[in-house]
Amino acid sequence: MQGLNNQIRGWVVFVCALCMTACAGGTDRDRFRAAALYAYGPYQYALNMDRVMQRNRAAGVGLNEMAYLRDLADHRSRSVTAPNADTIYGSAVLDLSGGPVKLIVPEAGERYVSVMLMDIFSDVIATVGTGRKADGDAEKTTDMTGRYWIVGPDWTGDTPPGITPIRAPGADAWLLARVFVAGPGDLEDARAVQSRIGVKPVDPAPLSPFPVTPDPDASARNALDLVNTLLGRSPDHVHTQRAAAFSDIGLRPGQRDVWDTLGPATQLKWRAAFDRMPDALEAALLARSEASGWRPAPDNLSRYDTDDATRAAVSLIGFGAMQVEDASYFSSNTDAQGRRLSGMNDYVMTLQPDAIPVDGFWSLSVYAVEADGRRFFIDNPINRHAVNSATPGLVLDDDGQLPLQLSPDRPASDANWLPTPDGDFALIFRTYLPQAPILSGDWTPPDLIRSPASATP
């Protein structure tokens, strides 16, 4: 339990730092910043869905239709920070105002497939797929693929035989599908599975799509308009009800153009609270990233309840994160001695592949760290950005262990080489369908050991 206590303590420190950064000052200021923290998750949902829809429309894909990303992320992938290089994606922006939307998840054998549904507060509504643990059932199912109807909160009726209903708490939801790819040679087979994941309205009907467009200047006025409109489309959501505490200062679900009804002083306080929110979030995240060793994600990932600080932070840096039972993430930017990871040094990380407690798969990714803290893959001679439990060609030693070499320069044998950037870098170790030792905090990835011959002291 010591590992779990350390995990919780580390995240509590982070959230406390966030609250002190974002809520310092008098009572009135506290209230506006609490309102901004509450609103920031739905605001980021609106921004991300707008970006997704712009991309989808360019590809001829509309609401309640699947868009497929057919290639693995590489150094050219810069739309989101810290992408993975293990799965290809499919996504759909859902508008349930016109009735149920059919979802089909195909059988995929032993291949990892997950389809996640997320609401406007970045809470996961449901996750289905191969090897998924059934809700309320301690046993693993071999398959949770099949046919589903995704329905809104007001829908009444019965689903046909063989159709499982999934009820969303509002009119808006985002569907994100992940399909595991073992390596370049497996890509075509993975795409074939991905193509069989589909969504389609049950009865085509007129929709009432989201009517507000995000402002590229990220103004407080536009943010309030976006959030109120979005909340109004999920009026019965348990978190929408919490907006009533801030009604007098402008959070009024379903009401557009509230800004012009607010006095100059209230507008000024909204600007101060909202405009400083990204800096407050990034400062708290930076403080957390200074901790040494492997840092786990918070255990309430994607089911935040009233923890608006964590919800806001994750919506900024990890929008679309899964619940920890589906995927647990560890990040690090230091070696075993707590020294910052640098491309001036060579490192070794030794894994015991058959002892990593997952039912899905594991992966280790390397990212260059940008000046603003964002993380991206780098161009490298072997086009390798990560290794995972199915990466072809990895070589075990005589003890059955996997020694991974992390360095900027190509070694004599590159079978186990993970190229690193010249400057600072960071690692993310992902575990999909983690077993109990990971969830309890009793297992963490092994230390990264710096070579004695490395350049920096």
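Residues numbered from 1 in each chain as written. Predicted model: local features only at pLDDT ≥ 70, side-chain atom pairs only at ≥ 80, totals over all residues. Heavy atoms only, no water.

Student: What's the story with the overall build of the chain in this structure? I'm lost.
Tutor: The number of helices and strands found in the chain is 8 helices and 19 strands. Here the chain holds 457 residues, and the buried ones make up 52% of them. Partitioning the contacts of the chain with sequence separation of at least 6, the portion at a separation of at least 24 is 72%. Put simply, the chain shows about 19900 Å² of open surface, and 52% of that area lies on carbon and sulfur atoms. (Helix = DSSP H or I, 4+ residues; strand = E, 2+ residues; numbered from the N terminus. Buried < 20%, exposed > 50% of the residue type's maximum accessible area, 1.4 Å probe, protein only. Contact = heavy atoms within 4.5 Å. Areas by Shrake-Rupley, 256 points an atom, 1.4 Å probe, with all protein chains shown as cover.)

Student: Is there a simple way to think about the pairing of strand 18 (residues 425-432) in this case?
Tutor: Side-chain positions along a regular strand alternate between the two faces of the sheet. Here strand 18 lies mainly inside the structure; 8 of its 8 residues are buried. Where burial is concerned, the two faces of strand 18 agree: the one with F425, L427, F429 and T431 and the one with A426, I428, R430 and Y432 are both buried. Relative to strand 18, strand 11 (residues 327-332) runs antiparallel, the two sharing 6 bridges. Within the sheet, the bridge partner assigned to Y329 lies in strand 18 and is R430. For strand 13 (residues 362-369) and strand 18, the ladder comprises 7 bridges, and the chain directions are antiparallel. When the bridges of strand 18 are listed, Y367 appears paired with A426. (Pairing = 2+ DSSP bridges.)

Student: Looking at this model, I keep getting lost on helix 4 (residues 220-232). Mind explaining?
Tutor: Between its first and last C-alpha atoms helix 4 spans 18 Å; for 13 residues at 1.5 Å apiece the expected length is 18 Å, and the two agree. Counting buried positions along helix 4 yields 11 of 13 residues, so the element is predominantly enclosed. (Expected span 1.5 Å × (residues − 1).)

Student: Looking at this model, I keep getting lost on the environment of R374. Mind explaining?
Tutor: Assignment of secondary structure puts R374 in the loop between strand 13 and strand 14 (375-376). Classification of R374 by relative accessible area gives partly exposed; the value is 37%. Spatially, the C-alpha atoms of R374 and R78 are 9.6 Å apart, while their sequence positions differ by 296 residues. The residues contacting R374, other than those within four sequence positions of it, are R78, T81, A368 and V369.

Student: In this structure, what is going on with the nonpolar core? I would like to understand it.
Tutor: What tends to happen in soluble globular proteins is that the nonpolar side chains get buried as a cluster. Core analysis: the biggest nonpolar cluster contains 60 residues, and Y43, W174, L251 and W270 have the highest contact counts within it. When near neighbours in sequence (up to four residues on either side) are disregarded, W174 contacts Y45, M49, V52, S91, A92, V93, M116, L117, M118, F319 and G320. Ranked by size, the runner-up nonpolar core spans 28 residues in total, among them L96, A108, A173 and V179. (Core = buried A, V, L, I, M, F, W, Y, C linked by side-chain atoms within 4.5 Å.)

Student: Sorry, what's going on with the packing of helix 2 (residues 27-58) against helix 7 (residues 308-317) here?
Tutor: When two helices pack together, their arrangement is given by the angle between the helix axes and the distance between those axes. Running from N to C, helix 2 and helix 7 cross one another at 25°; their axes reach a closest spacing of 8 Å. Classified by the angle their axes make, helix 2 and helix 7 are roughly parallel. The two elements helix 2 and helix 7 cross, and the hand of that crossing is left-handed. On helix 7, the residues touching L37, Y38, Y40, G41, Q44 and N48 of helix 2 are D308, A309, R311, A312, S315 and L316. Looking at side-chain class alone, the contact of helix 2 with helix 7 contains 6 nonpolar, 4 polar and 2 charged residues. (Axes fitted to C-alpha atoms, helices over the stretch in contact; angles between N-to-C directions. Parallel < 35°, antiparallel > 145°, perpendicular 65-115°, else oblique. Left-handed = near helix turned anticlockwise from the far one by under 90°. Nonpolar A, V, L, I, M, F, W, Y, C, P; charged D, E, K, R; others polar.)

Student: Explanation requested: the sheet that holds strand 8 (residues 172-180) in the structure shown.
Tutor: Across a sheet, strands are paired by hydrogen bonds formed along the backbone, either parallel or antiparallel in direction. Overall, antiparallel pairing links the 5 strands, which are arranged 1-2-8-4-5 in an open sheet. Each edge of the open sheet is held by one strand with a lone partner, namely strand 1 (67-69) and strand 5 (124-129). Within the sheet, the average angular offset between the axes of one strand and its neighbour, ignoring direction, is 15°. Summarising the sheet, strand 4 (residues 113-118) and strand 5 pair through 5 bridges and their orientation is antiparallel. When the sheet's bridge partners are listed, M116 is paired in strand 5 with T127. Lying on the sheet, helix 3 (residues 187-195) is in contact with strand 1, strand 2 (87-95), strand 4 and strand 8; it crosses strand 2 at an angle near 15°.

Student: Which parts of the structure should I look at to understand the sheet that holds strand 3 (residues 101-105)?
Tutor: In spatial order, the strands read 7-6-3-9; together these 4 strands make up an open sheet with mixed pairing. A strand with exactly one partner marks an edge of an open sheet, and here the two such strands are strand 7 (163-167) and strand 9 (198-201). Looking at each pair of strands side by side, their axes are set apart by 25° on average, direction ignored. Examined bridge by bridge, strand 3 and strand 6 (residues 146-151) share 5 bridges and lie antiparallel to one another. Counted as the bridge partner of I104 is R147 from strand 6.

Student: Sorry, what's going on with helix 2 here?
Tutor: For the α-helix, the turn length of 3.6 residues means that residues three or four positions removed from each other point alike. With 32 residues, helix 2 should cover 46 Å at 1.5 Å per step; its first-to-last C-alpha distance of 46 Å lies within 8% of that length. The largest bend in helix 2 amounts to roughly 35° and is located at Y40, with the proline P42 lying one to four residues further along. Just downstream of helix 2, G60 is the residue with a positive phi angle, here 80°. (Bend = angle between axes of the 7 residues up to and from the residue.)

Student: Please explain the confidence of the model for the chain as it appears in this structure.
Tutor: Should the pLDDT be low somewhere, the predicted coordinates at that spot are not to be read in detail. The share of residues in the chain with pLDDT of 70 or more is 88%, and the mean pLDDT across the chain is 87. With pLDDT under 50 throughout, residues 20-25 is counted as low confidence; its partners more than four residues away or in other chains account for 14 contacts. In the model, residues 133-143 has pLDDT below 50 throughout and makes 16 contacts with residues more than four positions away in sequence or in other chains. (pLDDT = per-residue confidence, 0-100.)

Student: Could you clarify how one ought to interpret the packing of helix 2 against helix 4 in this entry?
Tutor: Running from amino to carboxyl end, helix 2 crosses helix 4 at an angle of 85°, the nearest separation of the two axes being 9 Å. One element, helix 2, and the other, helix 4, form an angle in the roughly perpendicular class. Across from Y38, A39, P42, Y43, Y45 and A46 in helix 2, the residues of helix 4 making contact are A223, L226, V227, L230 and L231. For the contact of helix 2 with helix 4, a count of residues per class yields 11 nonpolar, no polar and no charged.

Student: Before we go on, may I ask you to explain the pattern of salt bridges in this structure?
Tutor: If charged atoms from side chains of opposite charge come close, those side chains can pair. The final tally for this structure, using the stated rule, is 15 salt bridges. R339 serves as the salt-bridge partner of D335, at 2.9 Å between the closest nitrogen and oxygen. When salt bridges that share partners are traced, they join D123, R242, D308 and R311 into one network. (Salt bridge = Lys/Arg side-chain N within 4 Å of Asp/Glu carboxyl O.)

Student: Help me understand the side chain of D335, please; the structure alone is not making it clear to me.
Tutor: Tracing the sequence through the fold places D335 in the loop between strand 11 and strand 12 (347-351). From its side chain, D335 meets the backbone nitrogen of Q337 in a polar contact 2.9 Å long. The contacts of D335, once residues within four sequence positions are left out, are L341, Y347, L448 and R450. (Polar contact = N/O pair within 3.5 Å; in protein donor to acceptor, adjacent residues only side chain to side chain.)

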